[in-house]
Amino acid sequence: MDILYFAWVRERIGLPKERVTTDAATVADLVAELSAREERYAMAFSDLSALRVAVDQELTDFNAPLAGVREVAFFPPMTGG
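Residues numbered from 1 in each chain as written. Predicted model: local features only at pLDDT ≥ 70, side-chain atom pairs only at ≥ 80, totals over all residues. Heavy atoms only, no water.

Enquirer: Would you mind showing me how to read the pairing of strand β3 (residues 52-55) here?
Expert: Consecutive residues of a regular strand have side chains that alternate between opposite faces of the sheet. Two strands pair when backbone bridges link them, and β3 and strand β5 (residues 71-75) are joined in this way by four bridges, in the antiparallel orientation. Its bridge partner lying in β5, Ala54 is registered against Ala73. Relative to strand β4 (residues 58-60), β3 runs antiparallel, the two sharing three bridges. Considered in β4, the bridge of Val53 is made with Thr60. (Pairing = 2+ DSSP bridges. Helix = DSSP H or I, 4+ residues; strand = E, 2+ residues; numbered from the N terminus.)

Written out as structure tokens, the structure is:
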């Protein structure tokens, strides 16, 4: 699946996107898997309340299942104006 990183998440991880193979059942499982990779991932995902997630371009939560998912995107909350 493709993982996309936006704004400061991208800056901390150092990549705009990557393709991963995972057995993670949920977004939370994927975050745990990524965080265990390296310190830069652990730092980016250290405060999940400061992050939003979209699965296949639909806003969701970290308990969302990943079965059949092609894309997961992580980004900070946005404000309108």
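After that view, the rundown keeps rolling.
Enquirer: Explain the nonpolar core here, please?
Expert: Most often, soluble globular proteins have nonpolar side chains that are buried together. Counting 23 residues, the largest nonpolar core has Tyr5, Val27, Leu30, Phe45, Val72 and Phe74 as the members making the most contacts within it. Elements supplying a minimum of two residues to this core: β1 (2-5), α1 (8-13), α2 (27-35), α3 (39-44), β3 and β5. It is α2 that provides the largest number of residues to this core, a total of four residues. In this structure Phe45 touches Tyr5, Ile13, Val31, Leu34, Ser35, Leu51 and Phe74, once residues within four positions along its chain are discounted. (Core = buried A, V, L, I, M, F, W, Y, C linked by side-chain atoms within 4.5 Å. Buried < 20%, exposed > 50% of the residue type's maximum accessible area, 1.4 Å probe, protein only. Contact = heavy atoms within 4.5 Å.)

Enquirer: I tried to follow the sheet that holds β3 on my own but got confused; where do I start?
Expert: Note: strands within a sheet are paired through backbone hydrogen bonds, in either parallel or antiparallel orientation. Here five strands make up an open sheet; going across it, the order is β2-β1-β5-β3-β4 and the pairing mixed. Two strands in the sheet have a free side with no partner beyond their single neighbour: β2 (17-19) and β4. Within this sheet the neighbouring strands show an average axis-to-axis angle of 25°, counted without direction. One ladder, built from four bridges, connects β1 with β5; its direction is parallel. (Axes fitted to C-alpha atoms, helices over the stretch in contact; angles between N-to-C directions.)

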